[in-house]
Amino acid sequence: MRKMRLGLLLSGRGSNFKAIVQAIQQGQLPHAEIALVISNHAEAGGLAFAREQNLATACFPPDTHPTRMALDQAMAEILKEYQVDLVILAGFDRILGPHVLSAYPHRILNIHPSLLPAYGGKGMVGLKVHAAVLKNGEKESGCTVHVVTETVDGGPILGQAKVAVAPSDTPECLAQKVLEQEHRLYPEMIGNYIQQLFKTEGTALHDATHV
Ligand code: GRF
């Protein structure tokens, strides 16, 4: 079985990206390899980690790529150049544009720190998510891995992990509890999705040889 070439998109510290690298290094994702790491922030911790790991990196900061279109075009081009099969959003703080979305239908995954469809959508990012969960007195929260479509946080859900919300939780400590689950859930869901893609491709190949 060939390996799926992953293209990681990140904007910040990249702890989910690190969990994915670790899963690959520990043999948990035998059919995945990281082809490229892209950031839109030069100072992103995840980008520095990628360089330490000797992974191919690209950076498109706002001063050289000020518009959504410019970023979208640059990312679509380089993802193609590096023959990326599956795009993984790992804390990427921009909404994807039409070039990347149309180049990778059903081939972009994201992780969101809530139990979608609750607490998702435009503007529901970072600590705002956890603050809203606490404000509403929810008893549980968690994270969701989903396929990315043009609807923000609205694509098909692949899996979720739950955490209990304690009355004493702050947004910061809830974020930490959820993040621990993210690090476990994301590599697992990526592995499952890759298996699913191989099965679908296998079927398509099989059908094609019988027409
Ligand atoms: C995570 O909470 C993830 O759910 C969200 O962005 C955050 C990224 O964190 N999409 P990190 O950069 O992976 O540490």
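Residues numbered from 1 in each chain as written. Predicted model: local features only at pLDDT ≥ 70, side-chain atom pairs only at ≥ 80, totals over all residues. Heavy atoms only, no water.

## Details of the overall build of the chain
As a reminder of what qualifies: Secondary structure elements follow DSSP: runs of H or I no shorter than four residues count as helices, runs of E no shorter than two count as strands, and numbering proceeds from the N terminus. As a reference, a globule follows 2.2 Å times the number of residues to the power 0.38, and the radius of gyration itself is taken over C-alpha atoms. Three exposure classes are used, based on accessible area relative to the maximum for each residue type with a 1.4 Å probe and protein chains only: buried under 20%, partly exposed in between, and exposed over 50%. What makes two residues a contact is simply this: any of their non-hydrogen atoms within 4.5 Å. Here the Shrake-Rupley method, with its probe set to 1.4 Å, supplies the accessible areas, and only the displayed protein chains count as covering residues. As used throughout, the charge tally considers Lys and Arg to be positive and Asp and Glu to be negative, leaving His and the chain termini uncounted. Charge coordinates come from a single atom per side chain, which is NZ of Lys, CZ of Arg, CG of Asp or CD of Glu.
Assigned secondary structure in the chain consists of six helices and seven strands. Reading the helices (α) and strands (β) of the chain from amino to carboxyl end gives β-α-β-α-β-α-β-α-β-α-β-β-α. The C-alpha radius of gyration of the chain comes to 17 Å, within 12% of the 17 Å expected for a compact globule of 211 residues. Each principal axis of the C-alpha atoms in the chain carries an extent, and together these give about 60 × 45 × 35 Å. For the chain, buried positions account for 47% of its 211 residues. Pairs at least 24 residues apart make up 66% of the contacts formed inside the chain by residues separated by at least 6 positions. Accessible area for the chain stands at about 10700 Å²; split by element, carbon and sulfur atoms hold 54% of it. Positive and negative side-chain charges of the chain, numbering 18 and 20 respectively, have mean locations separated by a distance of 2 Å.

## So, the site of the ligand
The condition is simple: Only heavy atoms are used to decide nearness, and a residue is near a molecule or strand if one of them lies within 4 Å of it. Polar contact is defined as a pair of N or O atoms within 3.5 Å, subject to the rule that within protein one atom must be able to donate a hydrogen and the other to accept it, and that residues adjacent in sequence are counted only when both atoms are side-chain atoms. Note on residue classes: Ala, Val, Leu, Ile, Met, Phe, Trp, Tyr, Cys and Pro are nonpolar, Asp, Glu, Lys and Arg are charged, and everything else, Gly too, is polar.
In the neighbourhood of the ligand, the contacting residues comprise Arg13, Gly14, Ser15, Asn16, Gly91, Ile111, His112, Pro113 and Glu182. A distance of 2.5 Å separates an oxygen atom of the ligand from a polar side-chain atom of Ser15. In this structure, an oxygen atom belonging to the ligand sits 2.8 Å away from a main-chain N or O atom of Asn16. Computed on the free molecule, the ligand has an accessible area of 370 Å², of which 82% lies beneath the protein chains in the complex. Taken together, the residues of the shell around the ligand sort by class into two nonpolar, five polar and two charged.

## Looking at unusual backbone geometry
The linkage connecting Leu116 with the following residue, Pro117, adopts the cis geometry, with an omega of 10°. Considering the arrangement of structural elements, one finds Pro117 in the loop between β5 (108-112) and α5 (127-135). Positive phi, normally seen in glycine, also occurs at Asn54, with a value near 60°. Even without a glycine there, the phi angle at Tyr119 is positive, about 55°. Along the chain, the position of Tyr119 falls in the loop between β5 and α5.

## Section: the nonpolar core
Our working rule: Joining through side-chain atoms within 4.5 Å is the link that ties buried Ala, Val, Leu, Ile, Met, Phe, Trp, Tyr and Cys residues into a set, and such a set is a nonpolar core.
With 41 residues, the main nonpolar core has Leu6, Leu8, Phe17, Ile88 and Ile190 as its most contacted residues. Beyond its immediate sequence surroundings of up to four residues, Ile190 is in contact with Leu6, Ile20, Leu29, Ile88 and Leu109.

## Considering the pairing of strand β4 (residues 86-89)
Convention followed: Whether two strands pair comes down to DSSP finding at least two bridges between them. By convention a crossover is right-handed if, when the strands point away from the viewer, the path from the first strand over the helix to the second runs clockwise.
What you see with β4 is no split at all: Leu86 and Ile88 on one side and Val87 and Leu89 on the other are buried throughout. Judged from the four bridges that link them, strand β1 (residues 4-10) and β4 form a sheet pairing that is parallel. From the neighbouring strand, Gly7 faces β4, where its bridge partner is Val87. In terms of strand pairing, β4 meets β5 through three bridges, oriented parallel. Paired with Leu89 across the strands is Asn110, a residue of β5. For the handedness criterion, the β-α-β arrangement of β4, helix α4 (residues 98-103) and β5 is classed as right-handed.

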